[in-house]
Amino acid sequence: MEPMKYLEELIERYPALSSVKEEIKKSYELLEACYEDGGKLLIAGNGGSCADAEHIVGELMKGFVKHRSVSVEFKEALKEIDPELGSALAQKLQGGLPAIALTGHPGLSTAFLNDVDGEMIFAQQTYGYGKKGDVLLGISTSGNSKNVMYAMTAAKALGMKTIGLTGKDGGQLKHAADVTIVVPETETFKIQELHLPVYHALCLMLEERFF
């Protein structure tokens, strides 16, 4: 179905999210433009939002609700390099939308924490991985996570687009990101419960658009 139909379905299932429907749409449009231009998504978050960052990568980098077969040309290239291994890869590899969670690099993170400044770990990764046209998604239930805010600043200096996913009053993130989805809850666990259907919808919309 059309990508926007997933957004309509989301609002039907979670009427409370009608207040952020336009922000979800704008976030999708930023991500669509990023992937159209060959960019990637970087995602930062702490605690439960760290787990959400990894979850999003899992939905984007492989099939979510679709089996994303690789192109015929790539299948042939694989088989030409090695008929046995290439044939197996041609059957099982799936198309991905490039996404990196800035949460799964313990060697780098602990080195920067020990040697420089722990609050700037996400910013360091953003500076190292990011380029103009990429998108940074910062997830913070309060909207005030210092390490996420440092990453937002680095991303904007690089010419990246930025999306915030938060709750309560949006915090600092509401004013820092290009688009901020402030779900209508105030308690942390309730905010997180609404974050999941939001990013699932975005992943479904992107999969529908590109696969």
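Whatever comes next refers back to the structure up there.
Residues numbered from 1 in each chain as written. Predicted model: local features only at pLDDT ≥ 70, side-chain atom pairs only at ≥ 80, totals over all residues. Heavy atoms only, no water.

Before going further, it helps to spend a moment on the packing of helix α1 (residues 3-13) against helix α2 (residues 21-36). When two helices pack together, their arrangement is given by the angle between their axes and by how far apart the axes lie. In the contact formed by α1 and α2, the axes pass within 11 Å of each other and the chain directions differ by 150°. Here α1 is positioned roughly antiparallel relative to α2, judged by the angle of their axes. The two elements α1 and α2 cross, and the hand of that crossing is right-handed. Mapping the contact onto sequence places Pro3, Met4, Leu7, Glu8, Leu10 and Ile11 in α1 and Lys21, Ile24, Lys25 and Tyr28 in α2. (Axes fitted to C-alpha atoms, helices over the stretch in contact; angles between N-to-C directions. Helix = DSSP H or I, 4+ residues; strand = E, 2+ residues; numbered from the N terminus. Parallel < 35°, antiparallel > 145°, perpendicular 65-115°, else oblique. Left-handed = near helix turned anticlockwise from the far one by under 90°. Contact = heavy atoms within 4.5 Å.)

Side-chain positions along a regular strand alternate between the two faces of the sheet. Counting buried residues along strand β3 (residues 135-139), five of its five residues qualify, which places the element largely inside the surrounding structure. Neither face of β3 is exposed, since Val135, Leu137 and Ile139 on one face and Leu136 and Gly138 on the opposite face are all buried. Pairing of β3 with strand β4 (residues 161-166) involves five bridges; the strand directions are parallel. When the sheet's bridge partners are listed, Leu136 is paired in β4 with Thr162. The parallel pair β3 and β4 is bridged by helix α8 (residues 146-158), and the resulting crossover is right-handed. (Buried < 20%, exposed > 50% of the residue type's maximum accessible area, 1.4 Å probe, protein only. Pairing = 2+ DSSP bridges. Right-handed = clockwise from strand over helix to strand, strands pointing away.)

Our focus in this paragraph is the pattern of salt bridges. One pass over the structure, following the stated rule, counts nine salt bridges. Across the pair Asp134 and Lys40 runs a salt bridge, and its minimum N-O distance is 2.7 Å. Placement of Asp134 in the loop between α7 (121-129) and β3 and of Lys40 in the loop between α2 and β1 (41-45) is noted, with a sequence separation of 94 residues between them. Neither Asp134 nor Lys40 differs from the other in exposure class; each is buried. Across the pair Lys66 and Glu208 runs a salt bridge whose closest N-O atoms are separated by 3.1 Å. Within this pair, whereas Lys66 is found in the loop between α3 (48-60) and α4 (72-81), its partner Glu208 is found in helix α10 (residues 188-210), the two being separated by 142 residues in sequence. A relative accessible area of 18% places Glu208 in the buried class. Bridged by salt links that share partners, the residues Glu32, Glu36 and Arg209 form one connected network. (Salt bridge = Lys/Arg side-chain N within 4 Å of Asp/Glu carboxyl O.)

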